[in-house]
Amino acid sequence: MKQILLSFSLLGILYLLFFLNSYAVKEREIQIILDGKNQSLESSYKAVTQMYRISIENYFKYVIMQPHVIEILRRSLHASEEEKALLRGNLYRSLYPLYQQELVTHGIRQLHFHTEKGESFLRFHQPNENGDLLIDVRATIKKANEERIFVSGFEGGRIYPGFRYVYPIVDQGTFLGTVELSLSYERIVAELSKLLNAQHYLLLLNKETTTDVVFEKHQDHFVPSMISERFMIENPSISSLSDQALKSPLLIQINTLLRDNPRVQKLLAYHKSFSIPLLLEHQGYSINFYPIFTIDDRLGGYVTTYDCAPELVDIENKYLTIYLLGFLTLAIFTFGLYLFLMQRKRIVLEKIQFETIVTSTVNGVMLLTNDGAIRFVNTATLKILGYREIDMLGANAHRLIHVHPQSLDQMPCPIIESIAHQRSYVGEELFRTAQGEHIFVHVNLTPFIQENRSVGSVMIFRNITEEKKAKETIEHLAYYDSLTELPNRKLLLDRLNYTVAMCARSHEYCGLLFIDLDNFKNLNDTLGHEYGDVLLQKVAKRLQKTLRHCDTIARFGGDEFVVLITQLGLNEHPSKEQLRRIAHKVLKEFSKPFYLIDCDYRCTASIGGTLFWDNSKTINDILKDADIAMYAVKKSGKNEINIA
Amino acid sequence: MYVEILEKGESMRWIYYIGLMSICALSLEARSLIFTSLPYKNNAAIVEDFAPMLRYLESTLNRSVEFRFEPSYQRLIADFIDDKIDMAYMGPLPTLALMKQDASALPVVTFNDAKGKNGYRCVLVKFMPDMLVLEQPQTLKVALTEPLSTCGYFSTAPLVQAYAKAPLSAMHYRYIHKHDEVALSVLRGEFHLGGMKESIAESYRSLGLEIIAYSPIVPSFALILNTKTLSSEQIEAIRTRLLNAPAKEYASWGKEISWGVQAVQTDTYRHMQFFSDIESIPQEGNLR
């Protein structure tokens, strides 16, 4: 669970970082496109207005500043209202061909003469509107009038806002007034559309500097823009641009989005150029705003273009793909990390388990390299062998601890051989401790495989010295008489059985002597059992001393001893004589006194014997024959020999 | 979406029909009314003059009113008959012409002049400095508004006759549609004389336009309603709303209609009937 949470948290953080970075890159790409479009708009706008400035200046110099025009204006300086009316009419009549055929044709909507006092003298676009004072509401006229300089810029007006070019008219040092030529925005758009590829154009007029200063009766020339309450547009009834904007479903949708977008409203207040990207119905659009200022540096409005921008769709699709691929990549990475963490956890657990097992086990564990060097030893190893870890690591295991009975040339070390051939080995070996003591160990050697190749072997061993001794003791107790240390009845029967089988093959005669101590009961009864026990021990030792090592001397029970004698010969009679001689030898040894604790004791024995040479007699038969023979001696007076 | 609905059975079909009818009813209810004016001025000037009044009416009718700009008097009358227009601002002669062709045209109010009188005059104008050779009427050029304009051929012909002692037909004349344009064309020297509405001619005095003859008073311009497209309740609402407009309200309307209104009387146009043979008015001028 912890690993899952960790993985998901990491995935979340990584994807967040990836997303934020990709988003920032995407925004930069979009901004580059938008900047390009806005730059085009700005350049085109400046080019168009500059072009008009040059052509309008030519109109002013070479067409308007004609002697008859100067004369009319000069006469109007001191004329009565009635005379002024005639002069105004004459001026209208004389310049109308220029106005209609040149200026209007080339998009110059307004030709407007002002008096030297800043009043309207003649508006060619509205001739019957004149006499109103403009100097207070028209900064261009005021500046041109007062400073007698050419002034140009965007500006509101009593009837229409426009792109104004105002020239002072000075003749022979006399200031006659000013003349203004103005362009409509539609004309600017007509030229812009030759340079740009925008779908729609709109001029957002700043209410404060443009439409608020028009005559009351002309207020209906304007309607609120859909984008912002602070901006107006020309009435769609008289402006095709506005008509398109208010009737085009696309523009209505775009403008509604712009109006509802707080960022757009905020940017509009900054009076700087900006562009807004939009995606509508799988189409990309760039809405570009370029601010235009009045000559007193107040915002006149925004030149607004609606551009198709299919690149935005491409970018959007590209980054959707990137977001998806990024997510998949990170998911795969995270899944891999999850698996790694789980694997790591498992390995750590396994390592802990391994270390716990290896540390806590009583068995010695050693890791050997392929050349037999010790790479790892556990605590039990150190305890069993008595070495320090530092003394063992790197040392050759065979030379350090293995006690090999013979030279390697004569008998290869099974451990070295198993390591060399990457085999398992299980067996008992003799190890040498640091103190030089030899101990028996049970070894389990297994090849250690890493990445499909053997890098050594793991040797697990345990000290079986005590175990082995205990086993030997148990075995001894099972087959030997604890009092006399002679083979007991069980071992005797076993060897007798074996001997019978061997005789059957070799056809050699073997013999069995049944020895029963005479008067043993009296000894026990008179001197006590401890004297009896000592006697039995002494008898056993004397029998061992007297007989061959290859003969089996067994305590058969109580005061009965049985001697199994092999290799008596191939013929019965000599064999029987040989058996008799051995029995005499035994009996002779019995004639010597036995020293029992604190006294000498003379003891005799009755000996019965029998021969066997094949398996025609069972061991019971053999024992019975010897017993019967011995019993006959007992009956006949004891201390004799009877070989049946 | 409708296809999916229809597939769900008969009951869904009825729901669909009811929904469709509701949508149609709503769209009818929400239809904008169409207003037009005789093209006596340019479009911008017409908007200036009538937009305040239309806003005033919109608030009563709960309906938006849109402008429709007609290129000529004849076209306006034709579109009115075709029910493309709900309200029209028209002079007395075109009103008569319309009423003769379409009985559903109903003048509801007439607009007063500056003196509060219900009627106006047509005038004959010239540029003051121009010296006219009245003895040679064939050299004179006369600018007229529209064949069906009250101040067009109808009023100007008698004024020219009285001023120049020669019939208009003896001179060169041409219809140039708008009253403003008549004044400006005379100022520009394109015509020696022009016939137009007195109030408009007055506004051009500041350019040296001189009024040289006045017609008798004719009924004022009126608001004509289309009884085929407007309900009687709507007509009554418009009439009542305009007649009850306070002075402060109509003072803010365009100059031509800013002096108040009067209800149209049944005999308002009666005295014009006799001296007008509308069909005899030349539809085209004799000056190309």
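Since we're looking at a predicted model, the values are computed, not measured.

*Asks:* Sorry if this is basic, but what is going on with the overall build of chain A here?
*Replies:* Helix and strand counts for chain A stand at 19 helices and 23 strands. Counting every position in chain A, which comprises 644 residues, the buried fraction comes to 37%. Sequence separation of at least 24 residues holds for 59% of the intrachain contacts in chain A that already meet a minimum separation of 6.

*Asks:* When you look at the overall build of chain B in this model, what are you seeing that I'm missing?
*Replies:* Scanning chain B for helices and strands turns up 11 helices and 11 strands. Split into buried and exposed, the 288 residues of chain B put 42% on the buried side. Within chain B, residue pairs in contact and separated by at least 24 positions form 77% of the contacts whose partners lie at least 6 positions apart.

*Asks:* How should unusual backbone geometry be read in this particular structure?
*Replies:* Peptide bonds are mostly trans, and most non-glycine residues show a negative phi. Residue and element names in this part refer to chain A. Backbone geometry at Ile-597 places phi at a positive 60°, although glycine is not the residue there. Summarising the element assignment, Ile-597 is placed in the loop between strand S20 (594–596) and strand S21 (599–601). In this structure, Lys-638 takes a positive phi of about 75° despite not being glycine. Mapping Lys-638 onto the fold places it in the loop between helix H19 (619–636) and strand S23 (641–643).

*Asks:* Looking at this structure, how should I read the interface of chain B and chain A?
*Replies:* Where interface size is quoted, it is often the accessible area lost as the parts come together. On the side of chain A, 18 residues touch chain B, which itself brings 21 residues to the contact. Among the secondary structure elements, those contributing two or more residues to the side of chain B that touches chain A are helix H3 (43–61) and helix H7 (179–188) of chain B. Sorting elements by how many residues they give to the side of chain B that touches chain A places H3(B) first, with six residues. Grouping the constituent residues of the side of chain B that touches chain A by class yields 12 nonpolar, six polar and three charged.

*Asks:* Just checking my understanding: could you explain the nonpolar core for this structure?
*Replies:* As a rule of thumb, nonpolar side chains are buried together in soluble globular proteins. Grouped together as the largest cluster of nonpolar side chains are 147 residues, with contacts concentrated most on Val125(B), Val142(B), Ala183(B), Val186(B), Leu187(B), Met196(B) and Leu209(B). Looking at which element gives the most residues to this core, the answer is helix H1 (residues 2–64) of chain A, with nine residues. Among the nonpolar cores identified, the runner-up in size contains 45 residues, and Leu564(A), Leu568(A), Ile607(A) and Ile641(A) belong to it.

*Asks:* What is the right way to read the sheet that holds strand S19 (residues 560–569) of chain A from this model?
*Replies:* Two modes of strand pairing occur in sheets, parallel and antiparallel, and in both the strands are linked by backbone hydrogen bonds. All names here are of chain A. Here we have five strands laid out as an open sheet, ordered S18-S19-S17-S22-S23, and mixed in their pairing. With partners counted over all chains shown, the strands left at the sheet margins are strand S18 (552–557) and S23, one partner each. Across the sheet, the mean angle separating the axes of adjacent strands is 20° when strand polarity is ignored. The sheet contact formed by strand S17 (residues 509–517) and S19 spans seven bridges and is antiparallel. Looking at S19, one finds that Leu-513 is bridged to Val-563. On top of the sheet, helix H18 (residues 572–590) reaches S17, S19, strand S22 (605–612) and S23; it is set at about 160° to S22, its chief contact.

*Asks:* Can you walk me through the packing of helix H16 (residues 520–527) of chain A against helix H17 (residues 529–546) of chain A in this structure?
*Replies:* Relative orientation and spacing of two packed helices are given, respectively, by the angle between their axes and the distance between those axes. All names here are of chain A. For the pair H16 and H17, interaxial distance at closest approach is 6 Å and the crossing angle is 140°. One way to sum up the angle between H16 and H17 is to call them oblique. Residue-level inspection shows Phe-520, Leu-523, Asn-524 and Leu-527 of H16 in contact with H17, the latter providing His-529, Tyr-531, Gly-532 and Leu-535. Residue classes in the contact of H16 with H17 are distributed as five nonpolar, three polar and no charged.

*Asks:* What should I look at first to understand helix H4 (residues 73–81) of chain B in this one?
*Replies:* In an α-helix, one full turn covers 3.6 residues, which means residues spaced three or four apart are oriented alike. All names here are of chain B. Buried residues of H4: Tyr-73, Leu-76, Ile-77 and Phe-80, and no others. The buried residues of H4 occupy an angular sector of 95° when the element is viewed end-on, so they sit on one face. Here the buried face of H4 lies against strand S1 (33–37), strand S3 (87–90), helix H5 (92–101), strand S4 (105–111) and strand S10 (222–226). Looking one or two residues beyond H4, the residue adopting positive phi is Asp-83, at roughly 65°.

*Asks:* Help me out: how do you make sense of the environment of Phe8(A) in this one?
*Replies:* In this structure, Phe8(A) sits in helix H1. Residues Phe8(A) and Tyr338(A), spaced 330 residues apart in sequence, show a C-alpha to C-alpha distance of 9.0 Å.

*Asks:* When you look at the sheet that holds strand S16 (residues 453–463) of chain A in this model, what are you seeing that I'm missing?
*Replies:* Residue and element names in this part refer to chain A. An order of S13-S12-S16-S15-S14 is seen for the five strands of this open sheet, with the pairing classed as antiparallel. Looking at strand neighbours, the two that pair on one side only are strand S13 (374–377) and strand S14 (425–432), the edges of this open sheet. Mean inter-strand twist for the sheet, computed between neighbouring axes without regard to direction, equals 30°.

*Asks:* In this structure, what is going on with the environment of Cys122(B)? I would like to understand it.
*Replies:* Residue and element names in this part refer to chain B. Along the chain, Cys-122 turns up in strand S5 (residues 122–127). Judged by local crowding, Cys-122 falls into the buried class, with 28 C-beta atoms found within 10 Å. Separated by 28 residues in the primary sequence, Cys-122 and Thr-150 have C-alpha atoms spaced 7.8 Å apart.

*Asks:* Help me understand the packing of H17(A) against H18(A), please; the structure alone is not making it clear to me.
*Replies:* All names here are of chain A. As a packed pair, H17 and H18 sit with axes 10 Å apart at the nearest point and diverge in direction by 135°. As summarised for this structure, H17 and H18 are arranged oblique, according to the angle between their axes. As H17 packs across H18, the resulting crossing turns out to be right-handed. Residues Arg-542, Leu-543 and Thr-546 of H17 touch H18, and the partners they reach there are Lys-585, Val-586 and Glu-589. Its residues assigned to classes, the contact of H17 with H18 shows two nonpolar, one polar and three charged.

*Asks:* Looking at this structure, how should I read the pairing of strand S8 (residues 231–234) of chain A?
*Replies:* A regular strand carries its side chains on alternate faces of the sheet. Residues and elements named next belong to chain A. As paired strands, strand S6 (residues 200–206) and S8 are joined by two bridges and run antiparallel to one another. Along S8, the bridge assignment pairs Asn-206 with Phe-231. Here three bridges tie strand S7 (residues 222–224) to S8, and the two strands are oriented antiparallel to one another. Along S8, the bridge assignment pairs Val-223 with Ile-233. Linkage of S7 to S8, two consecutive antiparallel strands, is achieved through a turn of six residues.

*Asks:* Help me understand the confidence of the model for chain B, please; the structure alone is not making it clear to me.
*Replies:* Close inspection of predicted coordinates is inappropriate for parts of the model with low pLDDT. Residues and elements named next belong to chain B. Per-residue confidence for chain B gives a mean pLDDT of 84; residues scoring 70 or more make up 86%. Counting contacts from residues 1–29, a segment whose pLDDT is below 50, to residues more than four positions away or on other chains yields six contacts. Here the complex is predicted with pTM 0.57, and the ipTM for its interfaces comes to 0.74.

*Asks:* Please explain the environment of Ser149(B) as it appears in this structure.
*Replies:* Residue and element names in this part refer to chain B. Here Ser-149 lies in the loop between strand S6 (141–144) and helix H6 (150–164). By the C-beta count within 10 Å, which is 31 here, Ser-149 ends up buried. Separated by 48 residues in sequence, Ser-149 and Lys-197 place their C-alpha atoms 9.7 Å apart. If near-sequence neighbours (up to four positions away) are discounted, Ser-149 is found in contact with Tyr-73, Gly-91, Leu-93 and Pro-94.

*Asks:* Even after reading the chapter, I still don't get the pairing of S6(B), so can you show me in this structure?
*Replies:* Residue and element names in this part refer to chain B. Of the strand pairs in this sheet, S6 and strand S7 (residues 172–175) are connected by four bridges, and their pairing is parallel. Of the residues in S7, the one forming a bridge with Lys-141 is His-172. As defined by bridge partners, S6 adjoins strand S8 (residues 193–197) across two bridges and the pair is classed as parallel. Note on S8: the bridge partner recorded for Val-142 is Leu-193.

*Asks:* When you look at the confidence of the model for chain A in this model, what are you seeing that I'm missing?
*Replies:* Chain-level statistics for chain A give a pLDDT mean of 88 and a share of 99% at 70 or above. Looking over chain A, one finds the lowest element-wise mean pLDDT in helix H6 (residues 240–247) of chain A, namely 80, and the highest in strand S2 (residues 120–123) of chain A, namely 95.

Rules behind the numbers
Residues numbered from 1 in each chain as written. Chains lettered and ligands numbered in written order. Predicted model: local features only at pLDDT ≥ 70, side-chain atom pairs only at ≥ 80, totals over all residues. Helix = DSSP H or I, 4+ residues; strand = E, 2+ residues; numbered from the N terminus. Buried ≥ 20, exposed ≤ 12 C-beta atoms within 10 Å, placed from the backbone. Contact = placed C-beta atoms within 7 Å. Nonpolar A, V, L, I, M, F, W, Y, C, P; charged D, E, K, R; others polar. Core = buried A, V, L, I, M, F, W, Y, C linked by C-beta atoms within 7 Å. Pairing = 2+ DSSP bridges. Axes fitted to C-alpha atoms, helices over the stretch in contact; angles between N-to-C directions. Parallel < 35°, antiparallel > 145°, perpendicular 65-115°, else oblique. Arc of directions from axis to C-beta. Left-handed = near helix turned anticlockwise from the far one by under 90°. pLDDT = per-residue confidence, 0-100.

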